[in-house]
Amino acid sequence: MISVAEPIWIASPGAISKRTGLIKNSNSTGLNGKPLDRDLAERLGRNIRLENDANCFALSEAVDGAAADARVVFGVILGTGVGGGLVIDKTTIAGRNRIAGEWGHKPLPWPHGEERPGPPCYCGKTGCIETFLSGPALAREYRERSGKTLLAEAIATAAQTGDADAAACLERYRDRLARGLATVIDLLDPDKIVLGGGLSNIAQLYEGLAALVAGYAFSDAIDTAIVRAANGDSSGVRGAAWLWPIAST
Ligand SMILES: [Zn+2]
């Protein structure tokens, strides 16, 4: 049974700045610069520990999910934002500046002409991976191409039923994803990459993805498994729960 003395772990976009103690880097931009953990602790009367949602997601999949058999795991969230988390030996690696795995705010690798300079990002830069691989980015791409407004999942369905614009958008998305993941592999060479977030449910994204990644990565061959999350859309929350026993041992 949980006692009031025990903390509540929160999976949240962004991280707590070591410098200010306030949230930074959240794509829920209203949280940035706010003492979310302290506010919650005050309201709930409990200790709060907050960890990046992508880190929690990666931990959930590494402990008992799609990457339970892997030592070095990179978890990717493809949703309203694009995040990443690194887990080694079933332990999250938050990093010295608490930004380990944050590949979403690097430039899209090997940009084509029309991809430069890229859309503006809330982080203040332009052309971030997130501005090409988030759900809203896919929807924007489809809207610009077709003149129609559909959410990401609906675009995937439309592609299956003969919508050429939707199919083309998904194909471009997959190539951009491959470019981004190849960079992750070059930096970390994880044993397994697990995709989560709403867009990870689009089955077509996995078709031919490994071969595309291999074409971009710096190796003669790539056998990194790129798999869909096993623990569903709440995997990040599960990961926050997993932080508890690991942190207290
Ligand atoms: Zn950015």
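Note that the structure is predicted; figures quoted are calculated from it, not measured.

*Asks:* Mind showing me how you'd approach a negative patch on the surface here?
*Replies:* Together, Asp 186, Asp 189, Asp 191 and Asp 223 give the surface a local cluster of negative charge. For Asp 191, the position within the fold is in the loop between helix H6 (164-188) and strand E8 (192-196).

*Asks:* Which parts of the structure should I look at to understand the pattern of salt bridges?
*Replies:* Opposite charge on two side chains permits them to pair, given that their charged atoms come into close proximity. Counted according to the given criterion, the structure contains 12 salt bridges. For Glu 114, the salt bridge identified is with Arg 172, shortest N-O distance 2.7 Å. Residue Glu 114 is found in the loop between strand E7 (91-92) and helix H3 (130-133), and its partner Arg 172 is found in helix H6; the two are separated by 58 residues along the sequence. Here Glu 141 and Arg 172 are joined by a salt bridge, their closest N and O atoms 2.8 Å apart. On the criterion of sequence distance, the pair formed by Glu 141 in helix H4 (residues 135-146) and Arg 172 in helix H6 is long-range, its members being 31 residues apart. Exposure remark for Glu 141: the relative accessible area of 11% places this residue in the buried category. Judged by relative accessible area, which is 25%, Arg 172 ranks as partly exposed.

*Asks:* Got a minute to help me understand the domain arrangement of the protein chain in this structure?
*Replies:* Much of the literature gives interface size as the accessible area that the parts lose upon coming together. As assigned here, the protein chain comprises domain 1 (8-52 + 236-247) and domain 2 (54-233). The contact between domain 1 and domain 2 buries some 1600 Å² in all, and 54% of this surface belongs to carbon and sulfur atoms. At the surface where domain 1 touches domain 2, the tally comes to one salt bridge. Across the salt bridge formed by Arg 238 and Asp 64, the nearest N and O atoms sit 2.7 Å from each other. Looking at the side of domain 1 that touches domain 2 residue by residue, the class counts come to seven nonpolar, eight polar and four charged.

*Asks:* Help me understand the coordination of the zinc ion in this model?
*Replies:* Geometrically, a metal with four donors at the corners of a regular tetrahedron has ideal angles of 109.5 degrees, and one with six donors at the corners of a regular octahedron has ideal angles of 90 or 180 degrees. Note on the zinc ion: its protein donors are His 105 (ND1), Cys 121 (SG), Cys 123 (SG) and Cys 128 (SG). The metal-donor distances range over 2.1 to 2.3 Å. With four donor atoms in place around the zinc ion and angles of 103 to 119° between them, the coordination shape is tetrahedral. Ordering the donors of the zinc ion by residue number gives the pattern H-x15-C-x1-C-x4-C. Of this pair, His 105 sits in the loop between E7 and H3 while Cys 128 is found in the loop between E7 and H3, placing the two residues 23 residues apart along the sequence. This pair shows no difference in class: His 105 is buried, exactly as Cys 128 is.

*Asks:* Help me understand the packing of aromatic side chains, please; the structure alone is not making it clear to me.
*Replies:* We describe a pair of aromatic rings using the distance from one ring centre to the other and the angle between the two ring planes. With the rule as written, the count across this model stands at two aromatic pairs. With centroids separated by 6.4 Å and ring planes inclined at 85°, the aromatic side chains of Phe 74 and Trp 103 adopt a geometry described as edge-to-face. Highlighted residues: Phe 74 in strand E5 (residues 72-78) and Trp 103 in the loop between E7 and H3, separated in sequence by 29 residues. When its relative accessible area of 6% is taken as the criterion, Trp 103 is described as buried. Taking the centre distance of 5.2 Å and the plane angle of 20° together, the rings of Trp 110 and Tyr 216 count as stacked. Within this pair, whereas Trp 110 is found in the loop between E7 and H3, its partner Tyr 216 is found in helix H7 (residues 209-216), the two being separated by 106 residues in sequence. What makes Tyr 216 partly exposed here is its relative accessible area of 23%.

*Asks:* Help me out: how do you make sense of the environment of Glu 153 in this one?
*Replies:* Of note, Glu 153 is situated in helix H5 (residues 152-160). Taking the relative accessible area as the measure of exposure, Glu 153 reaches 41% and is therefore partly exposed. A sequence separation of 47 residues divides Glu 153 from Ser 200, and the C-alpha atoms of the two residues are 9.9 Å apart.

*Asks:* Before we go on, may I ask you to explain helix H2 (residues 53-64) in this structure?
*Replies:* One turn of the α-helix equals 3.6 residues, which is why residues spaced by three or four share an orientation. Under the 1.5 Å per step criterion, the end-to-end length of H2 is 17 Å for 12 residues, consistent within 8% with the ideal 16 Å. With 10 of 12 residues buried, H2 is to be regarded as a mostly interior element. Considered for burial, the residues of H2 that qualify are Ala 54, Asn 55, Cys 56, Phe 57, Ala 58, Leu 59, Ser 60, Glu 61, Ala 62 and Val 63. For H2, the N-terminal capping position is held by Asn 52, with its side-chain oxygen 2.9 Å away from the main-chain nitrogen of Ala 54.

*Asks:* What should I look at first to understand the nonpolar core in this one?
*Replies:* Of all hydrophobic cores here, the largest spans 33 residues; its most connected members are Leu 78, Trp 103, Leu 138, Leu 177, Leu 181 and Leu 195. Every element with two or more residues in this core is listed here: E5, H4, H5, H6, E8 and H7. Ranked by the residues each element gives to this core, the list is headed by H6, at 10 residues. If we ignore the near neighbours within four places in the chain, the residues touching Trp 103 are Phe 74, Val 76, Leu 78, Val 82, Gly 83, Gly 84, Ile 129, Leu 133, Leu 177, Gly 180, Leu 181 and Val 184.

What counts as what
- Residues numbered from 1 in each chain as written.
- Predicted model: local features only at pLDDT ≥ 70, side-chain atom pairs only at ≥ 80, totals over all residues.
- Heavy atoms only, no water.
- Patch = residues over 30% accessible without salt bridge, like charges linked within 9 Å, V, L, I, M, F, W, Y side chains within 5 Å.
- Areas by Shrake-Rupley, 256 points an atom, 1.4 Å probe, with all protein chains shown as cover.
- Salt bridge = Lys/Arg side-chain N within 4 Å of Asp/Glu carboxyl O.
- Lys, Arg positive; Asp, Glu negative; His and termini not counted.
- Charge placed at Lys NZ, Arg CZ, Asp CG, Glu CD.
- Helix = DSSP H or I, 4+ residues; strand = E, 2+ residues; numbered from the N terminus.
- Buried < 20%, exposed > 50% of the residue type's maximum accessible area, 1.4 Å probe, protein only.
- Domains from an automatic or database assignment.
- Buried area = accessible area lost by both parts, 1.4 Å probe.
- Nonpolar A, V, L, I, M, F, W, Y, C, P; charged D, E, K, R; others polar.
- Donors = N, O, S within 2.8 Å, 3.2 Å for Na, K, Ca; no water.
- Tetrahedral: all angles 85-135°; square planar, octahedral: opposite > 155°, others 65-115°.
- Phe/Tyr/Trp six-rings, centres within 6.5 Å; stacked < 30°, edge-to-face > 60°.
- Expected span 1.5 Å × (residues − 1).
- Polar contact = N/O pair within 3.5 Å; in protein donor to acceptor, adjacent residues only side chain to side chain.
- Core = buried A, V, L, I, M, F, W, Y, C linked by side-chain atoms within 4.5 Å.
- Contact = heavy atoms within 4.5 Å.

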